[in-house]
Each structure stands twice: as structure tokens, then as C-alpha cells.
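Residue-level listing of the chains:
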Amino acid sequence: MKYKVLLIGSGAREHSIAWRLNKSPLLNKLFCIPGNPGIAQIAKCHPIQIEDFLSIKKFIEEHKIDLVFCGPEAPLADGLMDYLSEELQTKTIFIGPKKKGALLESSKKFAKEFMYKYDIPTAKYKAFNSTELNKAIEYIKLMTPPIVLKADGLAAGKGVIISPTHEQAISEIEMMLKGKFGDASKEVVIEEFLSGIEFSCFVLTNGTQYVILPDAKDYKKIGEADLGLNTGGMGSISPVDFVDIELKEKIIQRIVNPTLYGLQNEQIDYQGFIFIGLIIVGNDPYVIEYNCRLGDPETESIMLRLDSDLIELLVACDNHTLDDYSLVINKQYAATIFLVSGGYPEEFEKGKVISNIPHDTHSSFIFHAATKQVEKQLVTNGGRVISISSLGSSKEDALQKSIEIANQIKYDGKYFRKDIGFDL
Ligand code: AMP
Ligand code: GLY
């Protein structure tokens, strides 16, 4: 059988997934909602809004889609997969959890309660709602700074605040519980600060079986040496040098297995990816967060190293034959760097003409994020514009290849980090 696949999303993560899907001999046709100009080179893109569940459903019926893969978290948290599986009379494969599974990402309080219940190592915490400001302040006073405050709901990646002093944490919690992040901060998790190095672990599961994708590390800060403001991600590297067999075994035994057990025990049927944000304290892994999707820009590096047929893998997940599946992973390093707009993550201008995108790039791949086609010109359309991912025999080699391409591409205000993978 060959599959008609619908990919939902519009970032460089989705472009790299589309690129990998497009290599599969099992692909009949690739569609994307809404996609971007890069994805449009390899898939048929349709300008349907990802919030418009009814139109997505009609599209799936009309084009006889066999497999739906949702990239971003927001439609999953809003129940896209619940809606499609209830409304469609077809045997479509869904990659992405239903609303209940997506709570792992869409409610920090749910995720913390889940980790505590199933003994999964994570920072100590307490959650407070808007009627409990005084209790929250008392709790803060007992803590040793820095103090971590997390809006319970999705807040576009901005909902975590790390306060260096009690005073600042108290003034932040007041603002948060009074609605600084709207409904997302009507409840707030206050947790202990963990000091260590972070990286990401990606699991593909059907709720009972799973495979673990190559590990990766993202770089969130705008400046080199990991300084400055947080961004949506300035680059990634895979594999991560310090992740050895011993650490992987701890992650499986202490985190992945109990997470799947917990989902089963809570009767949450979960098909899709679980992204586990980890921090290593001493030699032990702790969970910083769960996400119900793949990470961006980790995926751009991971897709380069995943030599398995992605459609075959997703079908094996759905067929419950993952236990027999062994992933084929490229042994090389992958390094991704993001070209961003000048001024990002603060104010920046859009609409800058992008030129000089090379075509023959051998072991480098260019994935679009915020680009837009305006007549014959490609222009910037957001903060994180284009990602460049390269394979290399070493970290240096992979990074150097990405930097060379980053230097070639031109637009006003272009900025990127040259130290991805070398901050440590
Ligand atoms: P999140 O939005 O949950 O990914 O959090 C954003 C970032 O905040 C994480 O990538 C960490 O760098 C940091 N962070 C979150 N929780 C903690 C914690 N308990 N201790 C230290 N850093 C944290
Ligand atoms: N790389 C972090 C994220 O996708 O949330």
C-alpha cells in the first residue's frame, strides 16, 4: 500500500518532516496544511487554518488521506485528534495524541501531578490558583532562589519565569495569577530550580510500545555562549556527546517506562511523539517538561539522522509492530543553525528580500520557517526565518557546513549563532 499523507504545521520542523516523508517509497502523495514556501516545493500546500477543524476534516475526506501527522501542539491541545477520530468514518492513521494525552504539555500542573504519581524524577513543586495568592507567597518565602514559576497552560513558550530573588518571584506570581498570561496563568506551578545541562529525548509510542529517536540538544538563547534572551530555538545538535549508554538506561528505566505505564494506568490512549525535556543533575536525569510533539529545532537535526523509512515507522506504530522495529540511525553528526531576523526575539521587521539560497548543498539541507512568497520574491515573515541542517563526520564538520550556507544566504538584518554544539 502507498499512503496519502497530510502533515499539519508550517515551520522548519514540519519542512524537515516533509523532506523525510518525501523520501519514503511508501508515499503516494504528500499534502500540508498550511505549509510554507519551502514545504510547497515538495508537498501540495493548502491555506487552511490549523484551528479550522471542520475544513481539515473535509480535506481529509476529499483527498482520501491515509495518515495525518500533526506537528505543533496547539491543535492537539485543542482536541483536533479527538474531533477527527470521532467525525471521520475512515481508517485514517493519526500521529499526535488526543486532548487528554496532550495535557502532558498543555497543563504543567497535570504533568507535575503525573510525574509525582508515577515516581518520575522532577523538581519539587506546588501549584496555586488565583484564589491562593497568599499561600503561594508563603511557599515562595520558604524556597531558596532562584525560583521557577510556570504558567499552567500553553503560553507560546513564554510561560516560564526564573526569578533570582524572593521579591521578584512574589511580584511575578501576583502578576501571573492576576492573568499576565491570560487563562494560561490562572494556575501557576512554583518549583525548585535544578542546575544542570539540558537535552531532549523523543519517544514515538502507540501507548504500549515505543522507539526512542536520536537524542538532540537545542540552543534557546539568542547570543553565543548561551547568553541573552530566550528564543524559539537558535539551533540544535545530534547526537549529544555526554549522553552515554548508562544515562540512556537511566532515562528508559526511570522516565520512559514509568511515563508509558502512567499513561496506560490513567487510560490515556496515546499515539504520537512524547518529547521529554531533561536536565542532568549530578549523573541523574530529571524531567523539566513534557511536550506532546516533536521539538523545534531538534527535529531538523534528527530527521537528517533518521535513515529509517518514516512512513514505515509511523505505520508500524499504528499497527502495533514497533517492538520488532529497529531504527536505522546515521552515525554522523547533524548540526542545525537558525537564521533569524535582526532584533529578534525583541522587535524586528518582516518583508526583507531573501536571496542566494544555494541549490546544490550536498549534505546540507535548508528548511523554511518564517518565509513568504510575494510574487517572484521570497521574503522574511517572522523572527526565525530559515534553518540549515548539515551532516558531518564530526560536530565541527557538520557545524562548519551549516555556517558556510548561512554565510551565503542573504537578507537585511540576518543573524545566527556560530557556536551551536560548542557552548559547553
Ligand atoms: P519550559 O517552557 O518548561 O521548556 O521551560 C523553559 C526553560 O526554563 C527550560 O528549558 C529550562 O531551561 C528552564 N527551566 C524550567 N524549569 C526549570 C527548573 N525546574 N530548573 C531550572 N530550569 C528550569
Ligand atoms: N525545542 C524546544 C521546543 O520545541 O519546545
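Shown above is the structure to which this text applies.
Residues numbered from 1 in each chain as written. Chains lettered and ligands numbered in written order. Predicted model: local features only at pLDDT ≥ 70, side-chain atom pairs only at ≥ 80, totals over all residues. Heavy atoms only, no water.

Peer 1: Any chance you could explain the nonpolar core here in plain terms?
Peer 2: Among soluble globular proteins, nonpolar side chains are generally buried collectively. Ranked by internal contacts, the top residues of the largest apolar core, which has 48 residues, are Phe 69 and Leu 314. If one sorts the elements of this core by residue count, helix 11 (residues 310–319) sits on top with 7 residues. Ranked by size, the runner-up nonpolar core spans 46 residues in total, among them Leu 104, Ile 255, Val 256 and Ile 274. (Core = buried A, V, L, I, M, F, W, Y, C linked by side-chain atoms within 4.5 Å. Buried < 20%, exposed > 50% of the residue type's maximum accessible area, 1.4 Å probe, protein only. Helix = DSSP H or I, 4+ residues; strand = E, 2+ residues; numbered from the N terminus.)

Peer 1: Could you clarify how one ought to interpret the site of ligand 1 in this entry?
Peer 2: Around ligand 1 sit 14 residues, and of these Glu 191, Glu 192, Leu 194, Glu 198 and Glu 289 come closest. Between ligand 1 and Glu 198 there is a distance of 2.5 Å, counted from an oxygen atom to a side-chain nitrogen or oxygen. Coverage of ligand 1 by the protein chains reaches 87% of its 480 Å² of free accessible surface. Among the secondary structure elements, those contributing two or more residues to the shell around ligand 1 are strand 7 (147–151), strand 8 (160–163), strand 9 (187–192) and strand 15 (284–291). Its residues placed into classes, the shell around ligand 1 shows 7 nonpolar, no polar and 7 charged. (Near = heavy atom within 4 Å. Polar contact = N/O pair within 3.5 Å; in protein donor to acceptor, adjacent residues only side chain to side chain. Areas by Shrake-Rupley, 256 points an atom, 1.4 Å probe, with all protein chains shown as cover. Nonpolar A, V, L, I, M, F, W, Y, C, P; charged D, E, K, R; others polar.)

Peer 1: Got a minute to help me understand the pattern of salt bridges in this structure?
Peer 2: Close approach of charged atoms allows side chains with opposite charge to pair. Per the stated rule, a full pass over the model turns up 23 salt bridges. Between Lys 117 and Glu 266 there is a salt bridge; the shortest N-O distance is 2.7 Å. A residue pair is termed long-range when its members are at least 10 positions apart, and Lys 117 in helix 6 (residues 108–117) and Glu 266 in the loop between helix 9 (245–265) and strand 14 (272–281) qualify at 149 residues. Residue Glu 266 is classed as partly exposed on the basis of its relative accessible area of 27%. Lys 395 is the salt-bridge partner of Asp 241, the closest N and O atoms lying 3.0 Å from each other. Taken as a pair, Asp 241 in the loop between strand 13 (227–238) and helix 9 and Lys 395 in helix 12 (residues 395–408) lie far apart in primary sequence, 154 residues in all. Classification of Asp 241 as partly exposed rests on a relative accessible area of 49%. Residue classification places Lys 395 among the buried positions, given a relative accessible area of 14%. Via salt bridges that share partners, Glu 73, Glu 105 and Arg 293 belong to a single interconnected network. (Salt bridge = Lys/Arg side-chain N within 4 Å of Asp/Glu carboxyl O.)

Peer 1: What exactly am I supposed to notice about helix 2 (residues 53–62) here?
Peer 2: Quick reminder: α-helices carry 3.6 residues per turn. Residues three or four places apart thus point the same way. Residues Phe 53, Ile 56, Lys 57, Phe 59 and Ile 60 constitute the buried set of helix 2. Looking straight down helix 2, one finds that the buried residues subtend no more than 160° of arc, so they occupy a single side. (Arc of directions from axis to C-beta.)

Peer 1: Explain unusual backbone geometry here, please?
Peer 2: It is generally the case that most residues other than glycine have a negative phi and that most peptide bonds are trans. Cis peptide bonds are those with omega within 30 degrees of zero, and the linkage from Ser 238 to Pro 239 qualifies with -5°. Looking at the secondary structure, you find Pro 239 in the loop between strand 13 and helix 9. Residues Asp 296 and Pro 297 are joined by a peptide bond in cis, for which omega reads 10°. Mapped onto the fold, Pro 297 is located in the loop between strand 15 and helix 10 (298–305).

Peer 1: Quick question: what am I supposed to make of the sheet that holds strand 13 here?
Peer 2: In a beta sheet, neighbouring strands pair by backbone hydrogen bonds and run either parallel or antiparallel. Spatial strand order, 12-13-16-21-18: 5 strands in an open sheet with antiparallel pairing. At either end of the open sheet lies a strand with only one pairing partner, and these are strand 12 (217–223) and strand 18 (364–368). In this sheet, neighbouring strand axes are inclined to one another by 25° on average, regardless of whether the strands run parallel or antiparallel. Pairing analysis gives 4 bridges linking strand 13 to strand 16 (residues 333–340), with the strands arranged antiparallel. In the strand pairing of strand 16, Ile 237 is matched with Ala 335. (Pairing = 2+ DSSP bridges. Axes fitted to C-alpha atoms, helices over the stretch in contact; angles between N-to-C directions.)

Peer 1: How do you make sense of the site of ligand 2 when you look at a structure like this?
Peer 2: The environment of ligand 2 is formed by Asp 218, Phe 275, Arg 293, Gly 295, Asp 296 and Glu 298. A distance of 2.9 Å is found between an oxygen atom of ligand 2 and a side-chain nitrogen or oxygen belonging to Arg 293. A distance of 2.7 Å is found between a nitrogen atom of ligand 2 and a side-chain nitrogen or oxygen belonging to Glu 298. Residue classes in the shell around ligand 2 are distributed as 1 nonpolar, 1 polar and 4 charged.

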